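# Commentary on secondary and tertiary structure
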Amino acid sequence: MSEKVEKKADRESEKKDKKPEKKPKDSFFKGVKAEFKKITWPDRNTVVKQSAAVISISVVVGVIIAVLDMIIQYGISFIIG
């Protein structure tokens, strides 16, 4: 019986000795915040130029696809009909 009491007392003392652990969520968000501070964000002029390039290339590729689609559609209808 005394062994049980001693074991229980040991477990309780171990619980008191343990430091409260940080929540994983807290450390994750602190890490994210630290990484965001390291980012070199582009200036407004760079963002505008790159956005214009993406939009214009997208329009050009869309037109190319539309033209190819019309050519293929005409070729298939010519073969079938």
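Residues numbered from 1 in each chain as written. Predicted model: local features only at pLDDT ≥ 70, side-chain atom pairs only at ≥ 80, totals over all residues. Heavy atoms only, no water.

### A look at the overall build of the protein
Of the regular secondary structure elements, the protein holds three helices and zero strands. When the helices and strands of the protein are placed in sequence order, the string is α-α-α. Taking all 81 residues of the protein together, 0% fall into the buried category. Here the protein displays about 8400 Å² of accessible surface, and carbon together with sulfur accounts for 65% of that area. (Helix = DSSP H or I, 4+ residues; strand = E, 2+ residues; numbered from the N terminus. Buried < 20%, exposed > 50% of the residue type's maximum accessible area, 1.4 Å probe, protein only. Areas by Shrake-Rupley, 256 points an atom, 1.4 Å probe, with all protein chains shown as cover.)

### Focus: the packing of aromatic side chains
In this description, a pair of aromatic rings is defined by centroid distance and the angle of the planes. One pass over the structure, following the stated rule, counts three aromatic pairs. Each ring, one from Phe36 and one from Trp41, has its centre 6.1 Å from the other, and the planes form 25 degrees; the classification is stacked. On the basis of relative accessible area, Trp41 is assigned to the exposed category, the value being 58%. (Phe/Tyr/Trp six-rings, centres within 6.5 Å; stacked < 30°, edge-to-face > 60°.)

### Focus on the pattern of salt bridges
Within this structure, the stated rule accounts for one salt bridge. For Glu35, the salt bridge goes to Lys38, with nearest N and O atoms at 3.2 Å. Taken together, the residues span about one helical turn, with Glu35 and Lys38 both in helix α2 (residues 24-38) at a distance of three residues. The partly exposed category is assigned to Glu35, whose relative accessible area is 45%. With a relative accessible area of 59%, Lys38 lands in the exposed category. (Salt bridge = Lys/Arg side-chain N within 4 Å of Asp/Glu carboxyl O.)

### What to know about the confidence of the model for the protein
If pLDDT is low for a region, its predicted coordinates should not be looked at in detail. On average, residues of the protein carry a pLDDT of 84, and 70% of them reach 70 or more. Averaged pLDDT values for the elements of the protein fall to 58 in helix α1 (residues 2-17) and rise to 97 in helix α3 (residues 44-80). (pLDDT = per-residue confidence, 0-100.)

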